[in-house]
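Chains, contacts and geometry: an overview
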Amino acid sequence: MSVNLKGRSLLTLLDFSPEEIRYLLDISEQVKMESRSRLRTERFKGMTLAMIFEKRSTRTRLAFETAFAEEGGHPVFLSPNDIHLGAKESLEDTARVLGRMVDAIMFRGYKQETVEKLAEYSGVPVYNGLTDEFHPTQALADLMTIEENFGRLKGVKVVFMGDTRNNVATSLMIACAKMGMNFVACGPEELKPRSDIFEKCQEIAKETDGSISFTSNLEEALASADVIYTDVWASMGEEDKEKERMALLKPYQVNERVMEMTGKSETIFMHCLPAVKGQEVTYEVIEGKQSRVWDEAENRKHTIKAVMIATLL
Ligand code: CP
Ligand code: NVA
């Protein structure tokens, strides 16, 4: 059965099958090769993408905007300070108007419900560029980076250290479950993955021969890990929690000792960025030879372009 994603939204990777994720990764690889040879094909000529940001962004905005524009499309940046998003006009009404004028919508913000409503009422593909709950386009770039390093996804052991209930950890856990990987969330009990999604991922992993687990014990988590991943201790919107998180998460900082605890010299370090060096990761690790964070950041663009190609053309 061939995969067809035309017209689909990407709200969470839970909605995508392993075959569909594979399809997106294959297109990502192709567009990365094209980018290396400076090939421009104007795939999105005459198309428009609305990009709504309630939260800040460097990589996600750049990836969507440059990927769409270099293929001839017109990206429109919309800040909530300038449009009537839930203020004066309901979200549903804004979504319906956007759907009449643009070919696709990208949303970054707080509530998952907002991106879901945009998809429901606009009738055009909607891409989740990060909400409090999920960051699916990040997870696609993470898969691409892991596959580039190890030549496979199945059986690769990924350990996420720190705030294991945040958006990046959740989407990575889903991506690993879907692709038959071994994912370990390693952090304090207080910041465990959300139980319904954790259990769902365990069910998915049963079918894909992967595994999903949580532990607070570093030795147990890190033994023979292929990938050590971390993210900020206080996500956007949680700035007031930074002090309390620092106390809670200090034991889970990724430093050279943690990298050595895998017992493997080929273990790689990943981070979605932006990073707070000296908190969740030390300068030595992020700048060290096992770090893949810049490849990972670049792959945001290729995977996002792939998502738009698959859903728009
Ligand atoms: N990783 C990521 O989403 O980066 P930005 O916040 O810069 O978009
Ligand atoms: N967890 C972080 C990811 C930023 C890309 C946040 O939500 O702020």
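Check the entry above for the structure.
Our subject in this report is the structure included herewith. (Residues numbered from 1 in each chain as written. Chains lettered and ligands numbered in written order. Predicted model: local features only at pLDDT ≥ 70, side-chain atom pairs only at ≥ 80, totals over all residues. Heavy atoms only, no water.)

**Quick word on the overall build of the protein chain**
This is how the line gets drawn: Numbering of helices and strands runs from the N terminus; a helix is a DSSP stretch of H or I covering at least four residues, while a strand is a stretch of E covering at least two. The globule rule used here is 2.2 Å times the number of residues to the 0.38 power, and the radius of gyration it is set against is calculated over C-alpha atoms. Whether a residue is buried, partly exposed or exposed follows from its accessible area with a 1.4 Å probe, protein chains only, as a fraction of its type maximum: under 20%, in between, or over 50%, in that order. Whether two residues are in contact is decided by their heavy atoms, any of which lying within 4.5 Å being enough.
Helix and strand content of the protein chain: 12 helices and nine strands. For 313 residues, the compact-globule formula gives about 20 Å, and the C-alpha radius of gyration of the protein chain, at 19 Å, lands near that figure. For the protein chain, with 313 residues in total, the buried portion stands at 56%. In the protein chain, once contacts between residues fewer than 6 apart in sequence are set aside, the share between residues at least 24 apart is 76%.

**Focus: the site of ligand 2**
Put simply, the rule is: For this description, a residue counts as near a given molecule or strand if any of its non-hydrogen atoms is within 4 Å of it. Any N or O atom pair separated by 3.5 Å or less is treated as a polar contact, with the protein-specific requirement of one donor-capable and one acceptor-capable atom, and with residues adjacent in sequence counted only for side-chain atom pairs. Surface accessibility follows the Shrake-Rupley procedure with a 1.4 Å probe radius. Residue values consider only the protein chains on display as shielding. Residues are sorted three ways: Asp, Glu, Lys and Arg are charged, Ala, Val, Leu, Ile, Met, Phe, Trp, Tyr, Cys and Pro are nonpolar, and all the rest, Gly among them, are polar.
Surrounding ligand 2, one finds Leu130, Asn166, Asn167, Val168, Asp231, Val232, Ser235, Met236 and Leu273. Asn167 places a side-chain nitrogen or oxygen 2.8 Å from a nitrogen atom of ligand 2. Here a nitrogen atom of ligand 2 sits 2.7 Å away from a polar atom, N or O, in the side chain of Ser235. Considering ligand 2 on its own, with 270 Å² of exposed area, one finds that the protein chains cover 95% of that surface. Here the shell around ligand 2 is composed, by residue class, of five nonpolar, three polar and one charged.

**Details of the site of ligand 1**
Inspection of the region around ligand 1 gives Ser57, Thr58, Arg59, Thr60, Arg108, His135, Gln138, Cys272, Leu273 and Arg300 as its neighbouring residues. Taking His135, its side chain carries an N or O atom lying 2.8 Å from an oxygen atom of ligand 1. Within the backbone of Leu273, an N or O atom sits 2.8 Å from a nitrogen atom of ligand 1. Burial of ligand 1 by the surrounding chains reaches 95%, relative to a free accessible area of 260 Å². Along the lines of polarity and charge, the residues of the shell around ligand 1 split into two nonpolar, five polar and three charged.

**Topic: the sheet that holds strand β7 (residues 211–215)**
Put simply, the test is: Only strands that DSSP links by at least two bridges are regarded as paired with each other. All axes here are fitted lines through C-alpha atoms, helices being fitted over the stretch that makes contact, and every angle between N-to-C directions spans 0 to 180 degrees.
Reading across from one edge, β7-β6-β5-β8-β9 is the order of the five strands in this open sheet, with parallel pairing throughout. Each end of this open sheet is capped by a strand with a single partner; those strands are β7 and β9 (268–271). The mean angle between the axes of side-by-side strands here comes to 20 degrees, regardless of whether they run parallel or antiparallel. Helix-sheet contacts for helix α6 (residues 167–178) involve β5 (157–161), β6 (182–186), β7 and β8 (227–230), and the interaxial angle to β5 is about 165 degrees.

**Section: the packing of helix α5 (residues 136–150) against helix α12 (residues 293–312)**
Let me state the cut-off plainly: A clockwise turn of the near helix away from the far one marks a right-handed crossing, whereas an anticlockwise turn of less than a right angle marks a left-handed crossing.
Where α5 meets α12, the axes come as close as 8 Å, and the angle between the chain directions of the two elements is 115 degrees. Remark: the crossing between α5 and α12 carries right-handed chirality. Residue-level contacts link Thr137, Gln138, Leu140, Ala141, Asp142, Met144, Thr145 and Glu148 of α5 to Asp295, Glu296, Asn299, Arg300, His302, Thr303, Ile304 and Val307 of α12. For the contact of α5 with α12, the per-class residue count stands at five nonpolar, six polar and five charged.

**What to know about the environment of Ala225**
Positionally, Ala225 belongs in the loop between α8 (218–222) and β8. Look at Ala225 and you get buried, because its relative accessible area is 0%. Counting along the chain gives 43 residues from Ala225 to Ile268, while the straight-line C-alpha distance between them is 8.8 Å.

**Here's the deal with the pattern of salt bridges**
Which entries qualify depends on this criterion: Take a side-chain nitrogen of Lys or Arg and a carboxyl oxygen of Asp or Glu: if they are within 4 Å of each other, that pair is a salt bridge.
Evaluated as defined, the whole model comprises 26 salt bridges. Arg43 serves as the salt-bridge partner of Glu34, at 2.8 Å between the closest nitrogen and oxygen. A relative accessible area of 10% means that Glu34 is categorised as buried. For Arg194, the salt bridge identified is with Glu133, shortest N-O distance 2.9 Å. A residue pair is termed long-range when its members are at least 10 positions apart, and Arg194 in the loop between β6 and α7 (195–208) and Glu133 in the loop between β4 (126–128) and α5 qualify at 61 residues. Relative accessible area serves as the criterion here: at 41%, Arg194 is assigned to the partly exposed category. What you see here is one network of salt bridges that share partners, running through Glu34, Arg40, Arg43, Glu70, Glu71, Lys301 and Lys305.

**Details of the environment of Glu42**
For Glu42, the location among the structural elements is in the loop between α1 (18–36) and β1 (48–53). Along the chain, Glu42 and Glu71 lie 29 residues apart, while their C-alpha atoms are 3.9 Å from each other. For Glu42, the residues in contact, after removing those within four places along its chain, are Glu71 and Gly72.

**A short note on a negative patch on the surface**
Convention followed: A patch consists of residues whose relative accessible area exceeds 30% and which take part in no salt bridge; residues with like charges are grouped when within 9 Å of each other, and nonpolar side chains (Val, Leu, Ile, Met, Phe, Trp, Tyr) when within 5 Å. Charge assignment in this entry is limited to Lys and Arg as positive and Asp and Glu as negative, and neither His nor the chain termini are counted. In this description, the location of a charge corresponds to atom NZ of lysine, CZ of arginine, CG of aspartate or CD of glutamate.
Where like charges cluster on the molecular surface, the negative patch consists of Glu239, Asp240, Glu242 and Glu244. Inspection of the secondary structure puts Glu244 in helix α9 (residues 242–249).

**A few points about the side chain of Glu147**
As for its placement among the helices and strands, Glu147 is situated in helix α5. When sequence neighbours within four positions are dropped, the list of residues in contact with Glu147 reads Arg22, Arg152 and Leu153.

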